[in-house]
Amino acid sequence: MKAKEVMMPNPIALSVTETLKEAAEIFSKQDIDKIFIVNDIEQVVGAFSKKNLFQAIQEDRSLETNIIEFMDTQIRCIYEEEDVSTIFEKSQEVFPIINYKDKLIGVLYKQELLKAYNKKLTIITEHLNTILNSTNNGIIAIDKDLSISFFNKAAGELLEVDYNKILGKNIYEIVPNSRLPYVLENRVKEIGKIMHYNEKKILTNRTPIIYEHQVIGAIAVFQDRTDYNQLLAKLEEEKNANNILNTILEMAYDGIVVIDKEGYITMMSKAYTKFLGVEHKEVIGKHVTEIIQNTRLHIVLKTGRAEVADLQKINGNYMIASRIPIIKDGEVTGAVGKILFRDIQDLNLLHKRITKMDQELAHYKREWKNANRAYYSFSDIIGESEAIQRAKSLAERASYSMSNVLLLGESGTGKEIFAHAIHQKSKRCQFPFVKVNCAAIPRELLESELFGYEGGSFTGAQKKGKIGKFQAADGGTIFLDEIGDMPLQMQAKLLRVLQEKEIEKIGSTNTQKIDIRVIAATNQDLEDLVKKGKFRSDLFYRLNVLTIQIPALRERKGDISILVQYFLDKICNEMGKYIENISEEAMVCLQNYNWPGNIRELENVLERAVNIMDKELIIQTKHLPKEIVNNGQIESDQVISLRERIEEAEKQAIIQALKATRGNKSKAARLLEISRACLYEKMRKYQL
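Reading guide: rules and limits
- Per-chain numbering applies: the sequence of each chain, read as written, is numbered from 1 onward.
- Local features in a predicted model are, by the rule used here, given only for residues with pLDDT of at least 70; side-chain atom pairs are given and counted only at 80 or more, and totals for whole chains, interfaces and linings are based on all residues.
- Side-chain measures here rest on the full set of heavy atoms in the structure, leaving out hydrogens and waters.
- Residues belong to a common nonpolar core when they are buried Ala, Val, Leu, Ile, Met, Phe, Trp, Tyr or Cys residues joined through side-chain atoms within 4.5 Å.
- Accessible area is worked out with a 1.4 Å probe on protein chains only. A residue is then buried under 20% of its type maximum, exposed over 50%, and partly exposed in between.
- Strands are runs of DSSP state E lasting at least 2 residues, helices are runs of H or I lasting at least 4, and numbering of each runs from the N terminus.
- By the convention used here, residues are in contact when the closest approach between their heavy atoms is within 4.5 Å.
- Where helices are involved, their axes are fitted lines through C-alpha atoms of the stretch in contact, as for all axes, and angles between N-to-C directions lie from 0 to 180°.
- Our angle categories are set so that under 35 degrees counts as roughly parallel, over 145 as roughly antiparallel, 65 to 115 as roughly perpendicular, and the remainder as oblique.
- Here a crossing is called left-handed whenever its near helix is offset anticlockwise from the far helix by less than a right angle, and right-handed whenever the offset is clockwise.
- Following the grouping adopted for this structure description, the nonpolar residues are Ala, Val, Leu, Ile, Met, Phe, Trp, Tyr, Cys and Pro, the charged ones are Asp, Glu, Lys and Arg, and the polar ones are all others, Gly among them.
- Cavities and pockets were defined on a 1 Å grid built from protein atoms only: a cavity is a group of points that admits a 1.4 Å probe but offers it no way out, a pocket is an open group of points flanked by protein on both sides within 12 Å along at least five of seven lines, and a lining residue is one with an atom within 4 Å of any such point.
- Grid points are joined across faces, edges and corners, and a volume is the space filled by probe spheres set on the points.
- Should a side-chain nitrogen of Lys or Arg be within 4 Å of a carboxyl oxygen of Asp or Glu, the pair is scored as a salt bridge.

**Some words on the nonpolar core**
By size, the foremost hydrophobic cluster in this structure holds 32 residues, and its most contacted members are L450, F470, L480 and I483. The biggest single contributor to this core is helix α18 (residues 488-500), with five residues. Excluding anything up to four places from it in sequence, L480 contacts V436, C438, L450, F470, L494, V518, I519, A520 and A521. Counting 28 residues, the second largest nonpolar core, distinct from the first, contains L553, L563, V605 and V629.

Structural data, given as structure tokens:
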């Protein structure tokens, strides 16, 4: 049963921009326990329940709090064409239904699905009873207490009783000499037995009914011997025909297989079973797709069209295959397949060429995939300071969106790691992540690198042409690093790509549609570049949708000790060295240095220190560069202004209040005995 058949359409949903207030209003008006959260293109990114609302109330959070702070992200979505039979294995009670564009179109409750299944079961039972009552064979079933649980119309006619009044009676009341109780007790089958009843000879098959290794009843299927004799004559005719066909198949050297209209194997030549390495008795009755690799016989059944002299790969070798449908009275009743593997030496050259092409293709696919994937996740962003946690939280929210992202920050702050992490957590994570350094590519080559070119479009161009970075990133994310260094001419072309979602190769007259997300990064002030005419304002506004400011290391000096330990572990593992720790004096120098090169400079300094150490286990100040040691020395007579002392005290008081209230700004303001607006103003001032 498909999800779209049982879902409730037009579900209630909230945007990622909504607050706890909107959710509370919906819960008060609607008899529902869960609301699904969607992004700006109606894709499900989470769910918000009454339990989540109660959690927010317990934490005394403001109703203006964004809903995504409390939403559940571990939500199993069901596609509208998906079979819903597996949802009972999930602990989830409510499922969002999405279309092929991942947009929310409905909701499905387990309880409603059970009702649908019950209704379907009732219909199936009625249909089954109709079918069983329409057959010419008599059918009797008993339960373990010997009571008749099923008795069809044909059984009533053969036994000359009213079949409507039989259910629930003991089997011996209807058939005194019945052997169904014997079959039930001894768990044995009796096939093709003759029963005498009212001067009739009745052919019957008796079988125990077994469920979960327990016998719960027995069933008999029977018919008049006259019909049986007619059936024997027909079977004898078919047996003779089958013997002739089997003799022909045994003599055939080529692989021959015959299937019925359902795709199940009825015949197979001895040569074919030997080639496949299977026993003849094992393949008869199996579906052709279970036995023959890459078969298309079941497709020929559907199309009714013959496929002659086609290449088919079986057991690692290419064969010549022909597939012919069997048509009777205008209807496809089966199909015959033939594989030529007697003289494959003529195909050796073709086989080697195809094998080599397969190997080369697999190699290039692996290389391309390794070169165009994201390596880092949010767990690789190290730091506990308020500044880095704020940037990290905003980046995680951005990963749920499909909008463009602009990363701002000084050189060495980790903008590329943020780009990797956003892609890794987005819905595009299974598709390419292509990196482009706009400052590293010569201006005259930038267009061909980004958009590609057709073969022979300029001197030195490859004959086969080349795809560009945007085409390589189709379906995924392209990371444009140092976007501020892109020439104005290329900025215009990039703007067109962002607006039209299409590219045009050099030397081509056609455009190609692409589906990408752009993450751009720069260490420059783009607004200042716009004022100076060095960056297009329309491109700036197109990129400046979700902007994330990544703090410099000097703005998060509380993270230096954590970063030092992280980098030391990483460097020592790579270099095979053991460093026990870093001295307090050296750590003070590192914390007092301004780090113009940010985290990248810190890592380089630590790597240099590990390299120049001899047998020492502790990094000392002598292992650090001179400019860091001199800058980091604390002078005993150093005096700072009273204003600076007061500001530092204010900053530390705010940090302590926020820690004590776990980030609750309303409670923090009350502890500090200042207004909430004043708290926000001071947090902006101190960049908290």
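Having put the structure on the table, let's press on.
**Structural notes on the environment of I171**
One can find I171 in helix α6 (residues 171-174). Of the residues examined, I171 reaches a relative accessible area of 0% and is grouped as buried. Along the backbone, I171 and I148 are 23 residues apart, and their C-alpha atoms lie at a distance of 6.0 Å. Dropping the residues within four chain positions of it, I171 is found in contact with I140, I142, L146, I148, S178, L180 and P181.

**Description of the packing of helix α16 (residues 443-451) against α18**
With their axes 11 Å apart at the nearest point, α16 and α18 run at an angle of 15 degrees to one another. It follows that α16 is roughly parallel to α18 by the angle criterion. Considering only the axes of α16 and α18, their crossing is right-handed. Contacts between α16 and α18 involve L446, E447, L450 and F451 from the first element and M490, K493, L494 and V497 from the second. Of the residues contributing to the contact of α16 with α18, the split by class is six nonpolar, no polar and two charged.

**Notes on helix α15 (residues 415-425)**
Along α15, the residues that are buried comprise K415, F418, A419, H420, A421, I422 and H423. Buried residues in α15 make contact with α14 (386-400), β18 (405-408), β19 (433-437), β22 (477-481), β25 (517-522) and β26 (546-549).

**Here's the deal with unusual backbone geometry**
Its identity as a non-glycine residue notwithstanding, N10 has a phi of 50 degrees, on the positive side. Following the sequence through the fold, N10 ends up in the loop between β1 (8-9) and β2 (13-15). The exposure class assigned to N10 is exposed, which follows from its relative accessible area of 70%. For L146, which is not glycine, the phi dihedral falls at a positive 70 degrees. With respect to the secondary-structure elements, L146 resides in the loop between β8 (138-143) and β9 (148-151).

**Regarding empty space enclosed by the protein**
By the definition in use, this model includes two cavities of 30 Å³ or more. There is about 80 Å³ of room inside the largest cavity. Around the largest cavity, the lining residues are I140, L159, I171, V175, S178, L180, M195, T204, R206, A220 and F222. Considering only residue class, the lining of the largest cavity consists of eight nonpolar, two polar and one charged. There is about 60 Å³ of room inside the second largest cavity. Taken together, V257, Y272, I292, T295, L297, Q312, A321, S322, R323, G337, K338 and I339 form the lining of the second largest cavity. For the lining of the second largest cavity, the secondary structure elements donating two or more residues are β16 (317-328) and β17 (331-340).

**Side note on the pattern of salt bridges**
Side chains that carry opposite charge are capable of pairing whenever their charged atoms lie near each other. Per the stated rule, a full pass over the model turns up 25 salt bridges. A salt bridge links E307 to R323, with the nearest nitrogen and oxygen atoms 2.7 Å apart. Pair noted here: E307 is in strand β15 (residues 307-314) and R323 is in strand β16, with a separation of 16 residues, a long-range link. Both residues of the pair, E307 and R323, count as buried. R536 is the partner of D538 in a salt bridge, and the nearest nitrogen-oxygen pair spans 2.9 Å. Here the residues in one salt-bridge network are E59, R61, E69 and R397, joined through shared partners.

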